[in-house]
Amino acid sequence: LIRSGPFAPRDGKMVTHARFKYDAETTIAVFHGFADTLDRTTPVMPQEFATATMTYSGSSIGISYDTDGTTDDFRAAMGVGSAAVSDSGNGTRANATLTADRWFESQVVVNEDGSAEVWFGDLGHPMSDAAAGNKLRLIKRFSTGTLLTVTTLFFAVIMVETRTGAASTIEIDYFGGEAGRDWRFS
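Residues numbered from 1 in each chain as written. Predicted model: local features only at pLDDT ≥ 70, side-chain atom pairs only at ≥ 80, totals over all residues. Heavy atoms only, no water.

Some points on the side chain of histidine 32
Then comes step 1: With respect to the helices and strands, histidine 32 occurs in strand β3 (residues 28-35).
Then comes step 2: A polar contact of 3.0 Å, which involves the side chain of histidine 32, links it to the side chain of threonine 16.
Then comes step 3: Of the polar contacts made by the side chain of histidine 32, one reaches the side chain of serine 106; its length is 2.6 Å.
Then comes step 4: Those residues in contact with histidine 32 that sit more than four places away from it in its chain are Thr16, His17, Ala18, Ile61, Gly62, Ile63, Ser106, Gln107, Val108, Val157, Ile158 and Phe175. (Helix = DSSP H or I, 4+ residues; strand = E, 2+ residues; numbered from the N terminus. Polar contact = N/O pair within 3.5 Å; in protein donor to acceptor, adjacent residues only side chain to side chain. Contact = heavy atoms within 4.5 Å.)

Structure, rendered in structure tokens:
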């Protein structure tokens, strides 16, 4: 778990970006985005996808990958109060090329009104390859229905969790979170 914050959307646009890779594509879960519920001693993944169902722990927005799912892929998802927002459900698939030791990039943006966007790139996707300038693709825009509560404090996070007893690692080239910081609660 790596984190920064806390940030609140009401204090200005929140952005987190990361470039990462993992060592095993069949035994892990990865999350990058914003989450309001974090325990530093025993962190819990903000979003988990098992069989065909996404579950949410607290409020979160981000991109997640979980090998407990029937179909493995990165998924853009948003939940408020441990429930999926109206147009999130089980997440929107990125249709990524899943490979261990391949660099992935993601960016999550939360606006002052609680709307959000999830961007993602992998070198195996035609819209993300070198010929296309390694551009991030918009996976999902959350702009209608239930949005994030603008007074909620969020942390920018990237985390990995093993799905077996074996150790798993995530290599992070860069990770950052920026926003109007809420100094009253630091």
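Observations concerning the nonpolar core
Then comes step 1: Core analysis: the biggest nonpolar cluster contains 30 residues, and Tyr22, Phe34, Ile61, Phe74 and Phe120 have the highest contact counts within it.
Then comes step 2: Where this core is concerned, the elements lending two or more residues are β2 (14-22), β3, β6 (60-66), β7 (74-80), β10 (104-110), β11 (116-122), β12 (137-142) and β13 (154-162).
Then comes step 3: The greatest single-element share of this core, amounting to 4 residues, is contributed by β2.
Then comes step 4: Of all hydrophobic cores here, the second largest spans 7 residues; its members include Phe31, Ala35, Met45 and Met159. (Core = buried A, V, L, I, M, F, W, Y, C linked by side-chain atoms within 4.5 Å. Buried < 20%, exposed > 50% of the residue type's maximum accessible area, 1.4 Å probe, protein only.)

Here's the deal with the sheet that holds β2
Then comes step 1: Strand order across the open sheet formed by 5 strands is β12-β11-β10-β2-β14, with antiparallel pairing between neighbours. Either end of the sheet is taken by a strand with one partner, and the two such strands are β12 and β14 (170-178). Going from strand to strand, the sheet's axes swing by 10 degrees on average, the running direction of each strand aside.
Then comes step 2: The pairing of β11 with β12 spans 5 bridges and is classified as antiparallel. In the strand pairing of β12, alanine 116 is matched with phenylalanine 142. (Pairing = 2+ DSSP bridges. Axes fitted to C-alpha atoms, helices over the stretch in contact; angles between N-to-C directions.)

Some thoughts on unusual backbone geometry
Then comes step 1: Residue glycine 5 is joined to proline 6 through a cis peptide bond whose omega torsion reads 20 degrees.
Then comes step 2: Relative to the elements of secondary structure, proline 6 occurs in strand β1 (residues 2-7).
Then comes step 3: A positive phi angle, close to 70 degrees, is found at serine 82, a residue other than glycine.
Then comes step 4: By the element assignment, serine 82 lies in the loop between β7 and β8 (83-84).

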